[in-house]
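Close look at the chain arrangement
The primary structure of each chain is shown beneath.
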Amino acid sequence: MARVALRAAKEQARARGDAAKQKKQARRGGGLRSGARADGRDPLPLGAAINRLISERGWETPAAVGGVMGRWPQIVGPDLARHCVPVSYSEGPGDASTPDKDRVLTVQCDSTAWATQLRLLAPQLVARLNEDLGHGTVRLISVRGPGGGPRRYGSLRAPGSKGPGDTYG
């Protein structure tokens, strides 16, 4: 009987102590306080904070592709990098035949000759990019030729002028 009464008294004292502790913390304006062990409120190194933000927001693929655009000369080689520049990366919804998304890297070339060269190298380049970024990150490379100026229509054209059929360079 005495043991039961002692145990009940200890439980009541513990409950009063917990309630007093909670009141004290509420008056101080804080709940949990930082202690000796790490928790979610501790400062992080910048790289870890950025990696956490990228993974929370689901930006892994765009960040990886942005890194590829920065390392373009190392990936394709200096000759091709001088004449072909990555412009954009897009993830389309895909079509009925392919349930996956269409992941397209668009590359702008400064002449039609380099655009043709890049079109021939596109399968190897897609394989190299997927090896670097992860399988299926890039499915297609869209190659753009040089951007021509506005077309001039009419019969009065100067002989030798550059037009849509020229190589622009």
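Scroll up to find the structure.
We now turn to the structure provided with this report. Computed from a prediction, not measured in an experiment: that's the story for all the values here.

1. Re helix 6 (residues 112-133)
Of all the bends found along helix 6, the most pronounced is centred on A122 and spans about 55°, while P123, a proline, follows it within four residues. For helix 6, every residue scored as buried is listed here: A115, L118, A122, L125, V126, L129, N130 and L133. Directly beyond the C-terminal end of helix 6, a positive phi value near 120° is found at G134.

2. Some details on the pairing of strand 2 (residues 102-109)
Note on strand geometry: in a regular strand, side chains alternate between the two faces of the sheet. In terms of strand pairing, strand 2 meets strand 3 (residues 140-144) through 5 bridges, oriented parallel. Paired with V104 across the two strands is L140, which belongs to strand 3. Note on the crossover from strand 2 through helix 6 to strand 3: the handedness is right-handed.

3. Some remarks on the nonpolar core
Residues L118, L125, L129, V138 and I141 are the most contacted members of the largest nonpolar core, which totals 22 residues. When residues of this core are traced back to their parent elements, those giving at least two are helix 3 (60-70), helix 4 (72-76), helix 5 (78-83), strand 1 (84-92), strand 2, helix 6 and strand 3. No other element matches helix 6, which puts 7 residues into this core.

Rules behind the numbers
Residues numbered from 1 in each chain as written. Predicted model: local features only at pLDDT ≥ 70, side-chain atom pairs only at ≥ 80, totals over all residues. Heavy atoms only, no water. Bend = angle between axes of the 7 residues up to and from the residue. Helix = DSSP H or I, 4+ residues; strand = E, 2+ residues; numbered from the N terminus. Buried < 20%, exposed > 50% of the residue type's maximum accessible area, 1.4 Å probe, protein only. Pairing = 2+ DSSP bridges. Right-handed = clockwise from strand over helix to strand, strands pointing away. Core = buried A, V, L, I, M, F, W, Y, C linked by side-chain atoms within 4.5 Å.

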